[in-house]
Each structure stands twice: as C-alpha cells, then as structure tokens.
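Examining the three-dimensional arrangement
Residues per chain are reported as follows:
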Amino acid sequence: MDLTFTPAEEEFRAELRSWLGAHIPQEWTRPGFWESLEDSESFRLRRDWERDKADAGFAGIQWPVEYGGRGGTPGMKAIYDEETVRAQAPRTVNPLGLTFLAPTVMAIGTDAQKKEIIGPLLRNEVVWCQGFSEPGAGSDLAALSTKGVRDGDDFVVNGQKVWTTNAVHGDKIFTLVRTEAGSEKHRGISMLLIDMDQPGVTARPLRQMSGASEFGEVFFDDARVPAADCLGEIGDGWRTAMLLLSFERGASGISQYTEFRRQYDEIAAVARRLGRDTDPVIRDDLARVLVELECLRLHSMHVLTQVEQGRDLGFEASMTKLQWSEAFQDLWEVYDRILGEDATLDALPDGTDLRPLHAQAMWSRSVTIWGGSSQVQRNVTAERVLGLPR
C-alpha cells in the first residue's frame, strides 16, 4: 500500500485547491444553504458551476485528452475526489453520465456516438439519467418489462422506469429495453439512448422523506428512438450494462472517507453542545465509528495502489461498496443515539440548524440498498473473492 502521491500529483492538488478556493462562494459552504434553495435554482447553480470547472480543465481528470479530459493518473483522480469534498464543492448534476455512460461510450460507442455524447456531457450541455429500475424489476433487473418494438429505423418504446436520479432535469436517458419479443431474463435486451424532450416521454418527481425530489419516475408511451441510438449491439444490452456498471469499480472510496470524516466532526460537535460527550456509551460509539472510518481510509489507499499498478479489481469492488456503506450507516446511527428525543427538533437550543444533518441521517438508510444491497455484496464477496460455495 502506497500512502504517498508523486510530486506531479501534489502540484495538481495545489492547482486544484487554489481554483476551488477562488470559485466556491463562501455562502455555498454555509450549513443549510443548498437545502434553502428551490430544486430548480440549486440545479441551475450547480450546472453552471460545473461547466465553468470543465472550462478550467478540472473535469474528466482521468479521461483521455482526445475526449476532452485531463489525461491524469489515478492518483490525480483520487486527489480531485478528496479536494472537492474538502472544499465543499457542489454535487455534480451529471453523476451517472460522467461515471458510467461516458466511459462506456469511449469503450464501445460508434464514432458518431463518441462525438455526440462525450464532449457535451463533460461540459454539462446534456444531462443524462439512467433508466434501469422498474416497479417490478429492482434487484432482479433482468425481470424488466419495458418494451421496444421495431418500426422501420426506429424502436417504439412503452413502459415505466422508477427511482431515476435527475429524472425531471434529464435531457436524455440511457435505459434498458426489451427489444426482442418473447425474450426472457438477460437475453433480448438493448441499451437505448432516448431523448426525453419528445412526445411520449413523461418524467414525474418522487418526493423523499427528507423533502427532496432527487428521484423520479419516467413513463414511455409510444416514444420513438432511432435504432442507431443503441449503445452496443441490439439485443446484447445486458453485456453493455455490465460493462457500464464496471466503471464504478476502481473507485477507491477516498471521497467517501473525506466526506464522512467531516460529518463525524459535525456529529461529535453536536454531542458536545448537548453535553453528551462525557457519556461513556456515546464515547464508545464515536470511537468505534472513528475506527471504522480510518479502516475505510486505509482500504481506500490500498485500492488506489492496486489501480495505479494496473490491477483489475473485479469483484473486490463489492468489498469497497460494503465497507463504505456500512460505515456511513453506522455513523448516522450514532447521530440518532446522540440526539435521542431531540431528533424531533429542527435546531439545538444554541441555534445550531440540525436539518442538514437530519437529511443525511435519513439518506443513510438507503445506501446499503442501492448500488447492490449489502446482502448481495456479501454473497458476491464470499463466492467471487473468497471462493466459498454458493
């Protein structure tokens, strides 16, 4: 495990840190600022800021230069993840396009798709969402029923997707559609790239218990998509989807650790304000979570070292997902225990606004489900990493 960065990487850190310091308004870092904005205004600010960041050369850190990226090292990408979290930079408005779609297009897209998708995505001119889950196809994604029927050079698509991030803001959606009548499970599925600004496509927000509407549901009613807008081979969408999801692997967890460590300090401060920092049970809980977080940091550096050495992590990515999601959830369970009945309050007696922390606590309940539940990740780790029987 290498815990150091090269001189060139540290020079990149200084350059990035300087740019972030000059381009993140102080009010943006104020607790509760983003929650105080209307969803549309928050999205606009983040979209504009991210476009400026791309223009300054701080987007697509590890992407090849020919695609508009920086051509940086895995270490530079890790530094980028760490420094943007540390600077409390706005969340990206195009996470699924940047993380999943663009690398897949680089790998298997046609020349026309590379030209039309990658550059506009990097500059946030086109925001993409992902249409995988359906009301009857969540963990069992192969049970999807959205259908595409060939009509000349087009597919006519009918069906519904749900839990679609940025559904109401998305310009386009990459989605799995069953394009072969009578096919079952993993066969006969295609990944279609659909324009959401057309008749037959309707996006509706889903309000979460935190009050946010990050997700939505998307309805296709005779929506048309050119057959040429299929990513990968027609009928081979499952293989395309597995390639697409594989690009999350290799993420070391450094950004998660950096964010969680800051949140830990905020939670410890709440304990002190409430006079509960002397409670031996609370102190033990905080110590245990801190150990978990430091283990996550060391695991993240181990993963980064492996990636820098060119090793394909493969199914070991399940270990990273399991570790960061469980640590995150444990952290916010300690927060709930610290507050006790005060969890019903929006603010502490000294005026500290608890609403941003409450939102994180509620969000934490989901992280061991999406992206592969903890149960699934344990099975994958047991079978594919440790070699245990099914």
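As the structure is a computational prediction, the values presented were derived from the model and not from experiment.

**Side note on the side chain of threonine 258**
Note on placement: threonine 258 falls in helix α7 (residues 254–273). Exposure remark for threonine 258: the relative accessible area of 10% places this residue in the buried category. Within the local environment of threonine 258, its side chain forms a polar contact with the backbone oxygen of isoleucine 254, the two atoms lying 2.9 Å apart. Contacts of threonine 258, omitting those with residues within four sequence positions, involve Glu82, Val85 and Arg86.

**Regarding the nonpolar core**
Counting residues in each nonpolar core, the largest one holds 29 residues, and the members touching the most others are Leu101, Trp128, Phe132, Phe174, Leu176 and Met191. For this core, the elements supplying multiple residues, two or more each, are α4 (95–108), α5 (111–122), β4 (172–178), β5 (189–195) and α6 (237–246). Of the residues forming this core, the biggest block, six residues, is contributed by α4. Contact partners of tryptophan 128, with chain neighbours within four places excluded, come to Asn94, Gly97, Leu101, Ile117, Leu121, Lys172, Ile173, Phe174 and Leu193.

**Side note on the pattern of salt bridges**
When the charged atoms of two side chains lie near each other, side chains of opposite charge can form a pair. Summed over the entire model, instances satisfying the criterion amount to 29 salt bridges. A salt bridge links glutamate 83 to arginine 13; the nearest nitrogen and oxygen atoms lie 2.7 Å apart. Within this pair, whereas glutamate 83 is found in helix α3 (residues 74–86), its partner arginine 13 is found in helix α1 (residues 7–23), the two being separated by 70 residues in sequence. A residue is classified by how much of its surface remains accessible, and glutamate 83, at 2% relative accessible area, is buried. Residues participating in the shared-partner salt-bridge network are Glu10, Arg13, Arg17, Glu82, Glu83 and Arg86.

**Some details on α3**
Quick reminder: α-helices carry 3.6 residues per turn. Residues three or four places apart thus point the same way. For α3, which comprises 13 residues, the first-to-last C-alpha distance of 18 Å matches the rise-based estimate of 18 Å (1.5 Å per residue) to within 8%. Judged by how many residues are buried, α3 sits mostly within the fold: 10 of 13 residues are covered. Residues of α3 that are buried: Gly75, Met76, Ala78, Ile79, Tyr80, Asp81, Glu82, Glu83, Thr84 and Val85. Close packing links the buried residues of α3 with α1, α2 (39–55), α7 and α8 (280–308). Remark: glutamine 88 follows α3 within two positions and exhibits a positive phi of approximately 55°.

**Re the UniProt feature "domain: Acyl-CoA dehydrogenase/oxidase N-terminal" (unreviewed entry) in the protein chain**
Taking the numbering used here, the UniProt-annotated feature "domain: Acyl-CoA dehydrogenase/oxidase N-terminal" (unreviewed entry) corresponds to residues 6–125. Regarding residues 6–125, the helix share stands at 61% and the strand share at 0%, and the terminal C-alpha atoms are separated by 34 Å.

**What to know about the packing of aromatic side chains**
Applying the stated criterion across every chain, the model contains 13 aromatic pairs. Relative to phenylalanine 58, the ring of phenylalanine 12 has its centre 6.3 Å away and its plane inclined at 45°; by these criteria the two rings are tilted. One end of the pair, phenylalanine 12, is in helix α1; the other, phenylalanine 58, is in the loop between α2 and α3, and 46 residues separate them in sequence. In this structure phenylalanine 12 comes out as buried when scored by relative accessible area, which is 2%. The interplanar angle of 55° and the centroid separation of 5.8 Å between the aromatic rings of tryptophan 19 and tryptophan 49 together place this pair among those described as tilted. In this pair, tryptophan 19 sits in helix α1 while tryptophan 49 sits in helix α2, placing the two residues 30 residues apart along the sequence. When sorted by exposure, tryptophan 19 lands in the same class as tryptophan 49, which is buried. Through a chain of ring-to-ring contacts, the aromatic side chains of Phe260, Trp324, Phe328, Trp332 and Tyr335 assemble into a single cluster. Over the ring of phenylalanine 219 we find arginine 204, and its NZ or CZ is 4.5 Å from the ring centre. Sitting over the ring of tryptophan 324, lysine 321 keeps its end group 5.6 Å from the ring centre.

Quick notes on the rules
Residues numbered from 1 in each chain as written. Predicted model: local features only at pLDDT ≥ 70, side-chain atom pairs only at ≥ 80, totals over all residues. Heavy atoms only, no water. Helix = DSSP H or I, 4+ residues; strand = E, 2+ residues; numbered from the N terminus. Buried < 20%, exposed > 50% of the residue type's maximum accessible area, 1.4 Å probe, protein only. Polar contact = N/O pair within 3.5 Å; in protein donor to acceptor, adjacent residues only side chain to side chain. Contact = heavy atoms within 4.5 Å. Core = buried A, V, L, I, M, F, W, Y, C linked by side-chain atoms within 4.5 Å. Salt bridge = Lys/Arg side-chain N within 4 Å of Asp/Glu carboxyl O. Expected span 1.5 Å × (residues − 1). UniProt positions renumbered as here; feature names shortened; annotations may be inferred. Phe/Tyr/Trp six-rings, centres within 6.5 Å; stacked < 30°, edge-to-face > 60°. Lys NZ or Arg CZ within 6 Å of the ring centre and 35° of its normal.

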